[in-house]
Amino acid sequence: MKLHLREAGQAVTDHGGSLARAAALFPHAPTPWLDLSTGINPHSYPLFDLPATAYRRLPEEARAQELAAAAARAYGAESAAHVAAAPGTQILLPLVASLVDPGAGKVLSPTYAEHARAAALAGHRVEAVERFEQLFESNLAIVVNPNNPDGRVVPRARLLELAAHLAKKGGLLVVDEAFMDVGPGGESLAGDVGEGGIVVLRSFGKFFGLAGLRLGFALAAPAVAQRLGAWLGPWAVAGPAMEIGLPALDDRKWQAAMRETLRAEAARLDGLLERYGLAVSGGTYLFRYVLTPAAPDLFDFLGGRGILLRNFADRPEALRIGLPGGEAEFSRLENALENWRKGEGR
């Protein structure tokens with residue numbers, strides 16, 4: 001599938017998490033919604049009172065450097081000089097794609113649709129490819145690792161081979177590690193960006209459960225990180241995001257405990273789904289991926305009961321299901337699945 005520049009200006013591709021869309025699709029659904037359509041941790045990092053200066057004053061450059069250093073420590077980059085902080089990784093996508101001249105851009109797919117759109121906005125001739133080997137033919141290659149929505153992981157060794165190949169012809173490998181906080185950390189390329197030719201994207205909001213904070217990072221060689229920072233301009237990250245992000249990134253105890261919690265809850269969700277004939281074929285600890293011919297029916301049935309899953313127009317047999325946020329939400333999902341199995345309301 002190829003995406004042309006004129007198509008890139010179209011509306012942002014539909015994503016999970018839109019309760020307005022859910023309400024339009026299911027106007028009679030009971031509320032509050034149980035939103036399982038995202039890959040965001042339902043157990044957010046504990047919030048705390050912020051100093052008034054976080055809102056009243058522009059962030060100091062010294063504080064921004066502290067944030068970059070904390071991100072480097074948390075993600076395994078060599079130093080703060082290898083980090084460009086941004087108000088979420090979404091805003092970085094077209095900037096990163098603009099680091100190389102327009103040419104053949106290939107995205108390992110199926111995956112997060114915004115990468116292709118952003119690369120097309122940067123002028124690339126974008127093609128979604130399904131085989132890793134096809135990325136060697138590009139000058140901009142994009143891999144989401146672990147992948148959204150199926151959790152596929154490309155080994156670090158293969159990515160480094162691709163990066164070296166692209167670098168020889170002035171190309172760039174972009175690796176979106178938005179879900180690497182709950183992935184196999186040894187496969188991360190965060191520590192490999194210093195040689196150039198690689199940009200790694202890391203999302204704060206997903207693992208820390210604070211998507212609305214809008215905080216993300218590009219990890220790259222210092223000259224590239226500096227260039228991205230210049231494009232973003234001063235005060236790119238809001239003061240409140242800095243003040244919450246700094247302690248969270250350094251809180252290794254919370255992070256380790258949360259990974260264990262998410263691992264256990266993902267296993268519990270697997271067991272629940274499998275009891276109702278929904279075999280899990282992939283995902284991460286933040287979401288599960290199910291392939292079933294019953295996907296459209298299940299999406300509609302649960303949606304009518306105020307439970308939103310993530311469906312895909314181009315893959316009608318696929319569903320992505322986020323983690324319920326506690327006993328009440330697990331029970332609500334289980335009761336709805338039991339009613340679905342009984343055929344109630346159909």
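Residues numbered from 1 in each chain as written. Predicted model: local features only at pLDDT ≥ 70, side-chain atom pairs only at ≥ 80, totals over all residues. Heavy atoms only, no water.

A.B. asks: Help me out: how do you make sense of unusual backbone geometry in this one?
C.D. replies: In most cases, non-glycine residues show a negative phi, while peptide bonds are predominantly trans. Cis geometry is found at the peptide bond from serine 109 to proline 110, where omega equals 0 degrees. One non-glycine residue, tryptophan 235, adopts positive backbone phi at about 60 degrees. By the secondary structure assignment, tryptophan 235 is in the loop between helix H9 (222–232) and helix H10 (239–250). Overall, the relative accessible area of 52% leaves tryptophan 235 in the exposed class. (Helix = DSSP H or I, 4+ residues; strand = E, 2+ residues; numbered from the N terminus. Buried < 20%, exposed > 50% of the residue type's maximum accessible area, 1.4 Å probe, protein only.)

A.B. asks: So what exactly am I meant to see when it comes to the packing of aromatic side chains here?
C.D. replies: Working definition: an aromatic ring pair is given by the centre-to-centre distance plus the angle between the planes. Tallying each qualifying case throughout the model produces 11 aromatic pairs. Of the aromatic side chains, those joined through ring pairs into one cluster are Tyr45, Phe204, Phe207, Phe208 and Trp254. Positioned over the ring face of phenylalanine 330 is arginine 268, at 4.0 Å from the centre of the ring. The ring of phenylalanine 287 carries the charged tip of arginine 320 above its face, separated from the ring centre by 5.7 Å. (Phe/Tyr/Trp six-rings, centres within 6.5 Å; stacked < 30°, edge-to-face > 60°. Lys NZ or Arg CZ within 6 Å of the ring centre and 35° of its normal.)

A.B. asks: How should the nonpolar core be read in this particular structure?
C.D. replies: Nonpolar side chains in soluble globular proteins tend to be buried together. Formed by 82 residues in total, the largest nonpolar core has its most connected members in Leu173, Phe217 and Leu337. With sequence-adjacent residues up to four places away left out, leucine 173 is seen in contact with Ala141, Val143, Leu159, Leu162, Ala163, Leu166, Leu189, Gly197, Ile198 and Val199. Residues Ala86, Leu201, Ala218 and Leu228 belong to the second largest nonpolar core, which totals 25 residues. (Core = buried A, V, L, I, M, F, W, Y, C linked by side-chain atoms within 4.5 Å. Contact = heavy atoms within 4.5 Å.)

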